[in-house]
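Here is what each chain is made of, one letter per residue.
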Amino acid sequence: MFKQVVRKQGTVINFGTLFFLQLQQKHKNQNPGLLHGHGAYGELLDKRWRSDLKSLLDRGWVIAYSDVRGGGGHGKAWHHNGRQQKKLNSIKYFVSCAKFLVENEFVKENKLAGWGYSAGGLLVAAAINSCPDLFRAAILKGYMFHSL
């Protein structure tokens, strides 16, 4: 399923959400979720099938991918409006996508995790710092976290 999330300022955020049939169907607004983002270096967010996520999907998880500014999903302007002094745009977009999942009852409140590696780890960590009540867990992978 592909959704478009619109931020309050009017900019459309492309938000690809990946749903699979679940072996243990949960009730609406009961599913845990994992939101992945990167938004850096002008790179495309990798949304390919990952067999290591099948176990989560089989247990009713929603896996979502958020193309935020800074990434390469929508050209150079998109990339430049999410880097350096404008990096906060990436973080706000990631938070908007997380709120969309909860407010539209795709994911149960208090059951959303963020997932990012490399600069995506920075994105997820900053989103959690800005909205700590929105996320319950994080998967952060990357060299910039070794000193933590």
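For clarity, every value in this text was computed on a predicted model and none was experimentally measured.

Student: What's the story with the nonpolar core in this structure? I'm lost.
Tutor: Considering soluble globular proteins, one finds that nonpolar side chains tend to be buried as a cluster. L35, F94, L101, L112, L134 and F135 are the most contacted members of the largest nonpolar core, which totals 23 residues. When residues of this core are traced back to their parent elements, those giving at least two are β4 (62-66), α3 (87-103) and α4 (119-130). The element contributing the most residues to this core is α3, with nine residues. Sequence-distant contacts of F135, defined by excluding residues within four places in its chain, comprise F94, A98, L112, A113, G114, A127 and I128. Of all hydrophobic cores here, the second largest spans nine residues; its members include L57, I63, Y65 and W115.

Student: How should I be thinking about the environment of D133 in this particular structure?
Tutor: Considering the arrangement of structural elements, one finds D133 in the loop between α4 and β6 (137-141). Since its relative accessible area comes to 64%, D133 is described here as exposed. Considering only alpha carbons, one finds D133 and E109, 24 residues apart in sequence, at a separation of 9.2 Å.

Student: I tried to follow the packing of aromatic side chains on my own but got confused; where do I start?
Tutor: Note on aromatic pairs: each is described by the distance of the centres and the angle between the planes. Scanning the entire structure with this criterion turns up three aromatic pairs. When the ring of F94 is compared with that of F135, the centres are 6.0 Å apart and the planes differ by 10 degrees; the resulting orientation is stacked. Of this pair, F94 sits in helix α3 while F135 sits in the loop between α4 and β6, and the two are 41 residues apart along the sequence. Of the two residues, F94 and F135, neither departs from the other in class, the shared state being buried. Between F100 and F106 the ring centres are 5.9 Å apart and the planes differ by 25 degrees, which places this aromatic pair in the stacked class. Using a relative accessible area of 16% as the deciding quantity, one classes F100 as buried.

Parameters and conventions
- Residues numbered from 1 in each chain as written.
- Predicted model: local features only at pLDDT ≥ 70, side-chain atom pairs only at ≥ 80, totals over all residues.
- Heavy atoms only, no water.
- Core = buried A, V, L, I, M, F, W, Y, C linked by side-chain atoms within 4.5 Å.
- Buried < 20%, exposed > 50% of the residue type's maximum accessible area, 1.4 Å probe, protein only.
- Helix = DSSP H or I, 4+ residues; strand = E, 2+ residues; numbered from the N terminus.
- Contact = heavy atoms within 4.5 Å.
- Phe/Tyr/Trp six-rings, centres within 6.5 Å; stacked < 30°, edge-to-face > 60°.

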